[in-house]
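Read off the chains here:
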Amino acid sequence: ITALSSRQSDSSLLTLTWISCKISTKEMEANVVVMGTESVGKSALTVRLLTRRFIGEYGDIESIYSHSFTIEGRELTLNLWDSPYFQHLSVETSPFHKKVRWADGFILVYSICDRASFNAVSKLIQSIKSTKDFLREDKVPIVIVGNKRDLHHRRTVLSEEGRLLALNMDCLFYEVSAAENYDSVLTMFHGLMERIKEAKLTIKRPQRFKGIVKSMSAVFTRRRTDSF
Ligand SMILES: Nc1nc2c(ncn2[C@@H]2O[C@H](COP(=O)(O)OP(=O)(O)OP(=O)(O)O)[C@@H](O)[C@H]2O)c(=O)[nH]1
């Protein structure tokens, strides 16, 4: 949390924010990444969640923050990793895949006043899901967040559109205002933690038949080669 103030003086272009929650065996353990395009309020949401405050302007230095929560009597330690978005501009890059592999859950943010930021969310979901599918992780806890609800007079994305996207992609959906409201941000976070809990109870999908055939043929090919 102390590191947050150092970010305030830096101008920001595009940031990608991570929240990581590391919990011992007695507690819950989760890594969460917050993603979205420029100026949608990723840092504002993160800071709101951690400090309950809205400070207005946020920087773009990559940092990891730690914080403890108690949810329903269980302690939750949150490590928050906030990095500039331009480092992860392409979902094809290895930093993107590394972060997706690391994360147990995702908060994907768009601004209700910025249609391009909403369109970017669908692409992010597809990239995240295909990376997770490769890792044989069926359940990917994702929350879609329409931020800046207080600016409803400048709205270009309807609530229904966000809700429909979430329904189609099997995600949760919330509309919030980081500027005006802490409770809705906390509710969103609780929703995600529930999904992460459920996902952690789901056993990894076994290797598909195609994968098994591939592995077997690899063994036989090796044997044939060995015998020469
Ligand atoms: N009105 C309003 N402004 C907001 C809200 N959330 C964030 N902002 C403002 O939007 C701007 C961008 O917020 P950031 O939190 O820096 O957004 P970001 O997605 O981290 O931005 P980048 O780091 O540039 O990608 C700032 O001026 C914030 O004060 C909100 O809920 N309502």
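Because the structure is a prediction, the values reported are computed rather than measured. (Residues numbered from 1 in each chain as written. Predicted model: local features only at pLDDT ≥ 70, side-chain atom pairs only at ≥ 80, totals over all residues. Heavy atoms only, no water.)

Undergrad: Account for the overall build of the protein chain, with residues named and values stated.
TA: Of regular secondary structure, the protein chain possesses seven helices and seven strands. Counting from the amino terminus, helix and strand elements in the protein chain follow one another as α-β-β-α-β-β-α-β-α-β-α-β-α-α. Look at the contacts in the protein chain between residues 6 or more apart in sequence, and 72% of them connect residues 24 or more apart. Of the accessible surface of the protein chain, which amounts to about 12,200 Å², a share of 55% is contributed by carbon and sulfur atoms. (Helix = DSSP H or I, 4+ residues; strand = E, 2+ residues; numbered from the N terminus. Contact = heavy atoms within 4.5 Å. Areas by Shrake-Rupley, 256 points an atom, 1.4 Å probe, with all protein chains shown as cover.)

Undergrad: Could you give an account of the nonpolar core, naming the residues involved and the relevant values?
TA: Counting residues in each nonpolar core, the largest one holds 30 residues, and the members touching the most others are Phe69, Ile107 and Met193. Elements with a minimum of two residues in this core: β2 (30-35), α2 (42-51), β3 (63-71), β5 (105-111), β6 (142-147) and α6 (183-201). With seven residues, α6 is the single largest residue contributor to this core. If you look at the next biggest cluster of nonpolar residues, it comprises 24 residues, including Tyr110, Val140, Leu165 and Phe173. (Core = buried A, V, L, I, M, F, W, Y, C linked by side-chain atoms within 4.5 Å. Buried < 20%, exposed > 50% of the residue type's maximum accessible area, 1.4 Å probe, protein only.)

Undergrad: If you had to explain the pairing of β6 to someone new, which residues and values would you point to?
TA: Within β6, six of the six residues are buried, which leaves the element mostly enclosed by the surrounding structure. In β6, alternate side chains face the same way, and those of Ile142, Ile144 and Gly146 on one face and Val143, Val145 and Asn147 on the other are all buried. Bridge count for β5 against β6 is six bridges, and the pairing is parallel. If you follow Tyr110 over to β6, its bridge partner there is Gly146. Pairing of β6 with strand β7 (residues 172-175), which is carried by four bridges, proceeds in the parallel orientation. When the bridges of β7 are listed, Gly146 appears paired with Glu175. Read from β6 through helix α5 (residues 159-169) to β7, the crossover connection turns out right-handed. (Pairing = 2+ DSSP bridges. Right-handed = clockwise from strand over helix to strand, strands pointing away.)

Undergrad: Explain the packing of aromatic side chains residue by residue, including any values.
TA: Using the criterion set out here, one finds two aromatic pairs in the structure. Between the aromatic rings of Tyr110 and Phe118, the centroid separation amounts to 4.8 Å while the plane-to-plane angle is 70°, which identifies the pairing as edge-to-face. Residue classification places Tyr110 among the buried positions, given a relative accessible area of 0%. For Phe118, a relative accessible area of 7% gives the class buried. (Phe/Tyr/Trp six-rings, centres within 6.5 Å; stacked < 30°, edge-to-face > 60°.)

Undergrad: I'd love a proper account of the environment of Pro141, names of residues and values included.
TA: With respect to the helices and strands, Pro141 occurs in the loop between α4 (115-134) and β6. Here Pro141 falls in the buried class, since its relative accessible area comes to 4%. Leaving out residues up to four positions away in the same chain, Pro141 has contacts with Asp104, Gly105, Phe106, Leu192, Arg195, Ile196 and Ala199.

Undergrad: With reference to specific residues and values, describe helix α3 (residues 94-102).
TA: Within α3 the residues assigned to the buried category are Phe96, Lys99 and Val100. Take α3 and look down its axis: the buried residues cluster within an arc of 100°, on one side only. Residues of α3 that are exposed and point over 90 degrees away from its buried face: Ser94 and Lys98. (Arc of directions from axis to C-beta.)

Undergrad: Any details on the packing of α2 against α6? Residues and values, ideally.
TA: Here α2 crosses α6 at 90°, and the two axes come no closer than 9 Å. Taken together, the axes of α2 and α6 are roughly perpendicular relative to one another. Side by side, α2 and α6 meet where Leu45, Arg48 and Leu49 of the first sit next to Val185, Leu186 and Phe189 of the second. Within the contact of α2 with α6, the residues separate by chemical class into five nonpolar, no polar and one charged. (Axes fitted to C-alpha atoms, helices over the stretch in contact; angles between N-to-C directions. Parallel < 35°, antiparallel > 145°, perpendicular 65-115°, else oblique. Nonpolar A, V, L, I, M, F, W, Y, C, P; charged D, E, K, R; others polar.)

Undergrad: Mind laying out the pairing of β5, listing which residues take part and the relevant values?
TA: Within β5, seven of the seven residues are buried, which leaves it mostly tucked inside the rest of the structure. A two-sided burial pattern is seen for β5, the buried positions comprising Gly105, Ile107, Val109 and Ser111 on one face and Phe106, Leu108 and Tyr110 on the other. Across four bridges, β2 lies against β5 in parallel orientation. Bridge pairing in β5 places Val32 opposite Gly105. The β-α-β motif built from β5, the intervening α4 and the parallel element β6 has right-handed crossover chirality.

Undergrad: Go over unusual backbone geometry, please, and point to the residues and values.
TA: Of note in this structure, Ser39 is not a glycine but carries a positive phi near 65°. Judged by its relative accessible area of 49%, Ser39 falls in the partly exposed class. With a phi angle near 70°, Lys148 is a residue other than glycine that sits in the positive phi range. A relative accessible area of 24% places Lys148 in the partly exposed class.

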